Amino acid sequence: MTAPAPSPLFAPRERRVLLWLTVAAVCWRWLLAVRAPLPGLDACGDLWLAEQIASGDFGALALAWWRPWWALAVAVPVAAGADAFAAAQVLGCVAGGLALWPAAVAAERLRQGAGLPAAVFVLAAGAAARGAGVGSSLPFVVLLAAAALASWTKGRAVTAVAVAALAAAGGVERLAPDDPSGPWAAWGWLRSAWSLAAPFAVLSVLPPRPRRIALVWIAAVLVLGWAAAVPSAASVLLTWSPVASVLAGVGLARLPSRLRELALVAAVAVDFLGAWQHQEPRAAVAERLLGRHLRDRLGPADVVVADLPRVLYFAGQRPAVPADAAALLQAARAPAAAFVVLGTGLARSATATAALAATHARYDVPPALRDLAAVARLQVYARRE
């Protein structure tokens, strides 16, 4: 006898809803991308690497051998003539939308009716949506994390661990200069990355509990512990936001439908508002315009020294900033350092500006850039003749 075919995880109507949620997620992320004035801080490294690969310099892969996949993906449209930032935004929006499916599958396998709420939480995830808008690798890594959860709930432990390792290799991701930092970084990232999914996830511990949910909670606790113990790595909560979404979906599945719908509306409203308000100000575009202006004034052997990766990227250089103020001042002493650009932090340091005075003078920024540079609090120095 032929074994009966397994019943589909989602009914046809639920699959259509998931499809429309995916379309909504892509569109929402693209709307945020349109408003983003600049790529993310860490995204600049991937964009620069993608441009090097697209131009045939595959040796540059040695600089990011542990996580080259995002740069390789972006390099394909760049090689076809697309702008690297725009290509990364498009790919990020698509990857962010596709992340809904494995998260929904993982939640539905844990508890019937949990898939659609989990997908809504992934759709709304504010900080992860911002990552797509600034061209970072975050949406792709979030997709990997969701795929790892789907594999685990299917019982494919080896595949789940392998995919989770790829997601963990993505490391931390700085999206903007005002990202949470310091001893309270974990709380700031938890509020922006997991948002209302975190309190709703607590409902998933109430009995009766799905058999495999204990290990999902262990993963959540490990991520929270990592973020709390290492403040500089707190943005790992962004990568593993699907964990909170899946747990929240399982928790909401136990509620009456009307109450569940109200909770999802509240989550979407809070996360959408947060993502919309946390966009960088338009004045931040000064970093792009200034970088391009300086690039046109560099000689063959000249370089720009800056603590702003986006200025370096748009100046045509690898966006690797000095480790601290001492390293920046040391790099500025090199004869090739034609320009030095200081961001808000170092620009207010009397020690740094005094040390630069011996070799560099304040650069007269063109009138078209002067107001933007002032609003962005950038200081530009040129080597003395």
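Now for a look at the structure at hand. (Residues numbered from 1 in each chain as written. Predicted model: local features only at pLDDT ≥ 70, side-chain atom pairs only at ≥ 80, totals over all residues. Heavy atoms only, no water.)

**Thoughts on a nonpolar patch on the surface**
Turning to step 1, where the next piece is worked out: A surface patch of nonpolar side chains, about 420 Å² in accessible area, is lined by W30, V34, V90, V94 and L98.
Turning to step 2, where the next piece is worked out: Only helix 1 (12–35) and helix 4 (84–98) provide two or more residues apiece to the nonpolar patch.
Turning to step 3, where the next piece is worked out: When residues of the nonpolar patch are assigned to their parent elements, the largest contribution, three residues, is made by helix 4.
Turning to step 4, where the next piece is worked out: For W30, the position within the fold is in helix 1.
Turning to step 5, where the next piece is worked out: Overall, the relative accessible area of 37% leaves W30 in the partly exposed class. (Patch = residues over 30% accessible without salt bridge, like charges linked within 9 Å, V, L, I, M, F, W, Y side chains within 5 Å. Areas by Shrake-Rupley, 256 points an atom, 1.4 Å probe, with all protein chains shown as cover. Salt bridge = Lys/Arg side-chain N within 4 Å of Asp/Glu carboxyl O. Helix = DSSP H or I, 4+ residues; strand = E, 2+ residues; numbered from the N terminus. Buried < 20%, exposed > 50% of the residue type's maximum accessible area, 1.4 Å probe, protein only.)

**Here's the deal with the sheet that holds strand 2 (residues 337–342)**
Turning to step 1, where the next piece is worked out: One open sheet accounts for four strands, arranged 1-2-4-3; its pairing is mixed. Two strands bound the open sheet, and with one partner strand each, they are strand 1 (303–306) and strand 3 (360–362). Each neighbouring strand pair of the sheet contributes to a mean axis angle of 30 degrees, computed without reference to strand direction.
Turning to step 2, where the next piece is worked out: Relative to strand 4 (residues 379–383), strand 3 runs antiparallel, the two being bridged by three bridges. Each residue of the ladder has a partner; that of R362, found in strand 4, is Y381.
Turning to step 3, where the next piece is worked out: Contacting strand 1, strand 2 and strand 4, helix 16 (residues 286–295) crosses the sheet at an angle of about 170 degrees to strand 2. (Pairing = 2+ DSSP bridges. Axes fitted to C-alpha atoms, helices over the stretch in contact; angles between N-to-C directions. Contact = heavy atoms within 4.5 Å.)

**Here we look at the pattern of salt bridges**
Turning to step 1, where the next piece is worked out: The tally for this structure, following the rule as stated, stands at five salt bridges.
Turning to step 2, where the next piece is worked out: A salt bridge links D46 to R67, with the nearest nitrogen and oxygen atoms 3.3 Å apart. Residue D46 is located in helix 2 (residues 43–54), and its partner R67 is located in the loop between helix 2 and helix 3 (69–79); the two are separated by 21 residues in the primary sequence. Comparing D46 with R67, the two get one shared label, buried.
Turning to step 3, where the next piece is worked out: R370 is the partner of D364 in a salt bridge, and the nearest nitrogen-oxygen pair spans 3.1 Å.
Turning to step 4, where the next piece is worked out: Here the salt bridges do not stand alone but share partners, grouping E280, E287 and R310 into one network.

**Focus: the packing of aromatic side chains**
Turning to step 1, where the next piece is worked out: Tallied over the entire structure, the rule returns six aromatic pairs.
Turning to step 2, where the next piece is worked out: Between W28 and F272, the ring centres sit 4.0 Å apart and the planes meet at 10 degrees, which makes this aromatic pair stacked. Residue W28 is found in helix 1, and its partner F272 is found in helix 15 (residues 257–277); the two are separated by 244 residues along the sequence.
Turning to step 3, where the next piece is worked out: For the ring pair Y313 and F314, a centre distance of 4.9 Å and an interplane angle of 65 degrees mean the geometry is edge-to-face.
Turning to step 4, where the next piece is worked out: Among the residues examined, Y313 registers a relative accessible area of 8% and is labelled buried.
Turning to step 5, where the next piece is worked out: With a relative accessible area of 8%, F314 lands in the buried category.
Turning to step 6, where the next piece is worked out: An aromatic cluster of three or more residues is present, and its members are W28, F272 and W276.
Turning to step 7, where the next piece is worked out: Stacked on the ring of W276, the Lys or Arg R35 has its end atom at 3.9 Å from the ring centre. (Phe/Tyr/Trp six-rings, centres within 6.5 Å; stacked < 30°, edge-to-face > 60°. Lys NZ or Arg CZ within 6 Å of the ring centre and 35° of its normal.)

**Concerning empty space enclosed by the protein**
Over the atoms rolls a probe the size of a water molecule, and its path tells where empty space is left.
Turning to step 1, where the next piece is worked out: Counting across every chain of the model gives five cavities of 30 Å³ or more.
Turning to step 2, where the next piece is worked out: Taken together, A36, R130, V134, L175, A176, H278, Q279 and E280 make up the lining of the largest cavity.
Turning to step 3, where the next piece is worked out: Partitioned by chemical class, the residues of the lining of the largest cavity number four nonpolar, two polar and two charged.
Turning to step 4, where the next piece is worked out: Approximately 60 Å³ is the volume found for the second largest cavity.
Turning to step 5, where the next piece is worked out: If you tally residues by element for the lining of the second largest cavity, the top one is helix 8 (residues 138–153), at three residues. (1 Å grid on protein atoms, 1.4 Å probe; cavity = no way out; pocket = protein on both sides within 12 Å on 5 of 7 lines; lining within 4 Å. Points joined across faces, edges and corners; volume = space filled by probe spheres on them. Nonpolar A, V, L, I, M, F, W, Y, C, P; charged D, E, K, R; others polar.)

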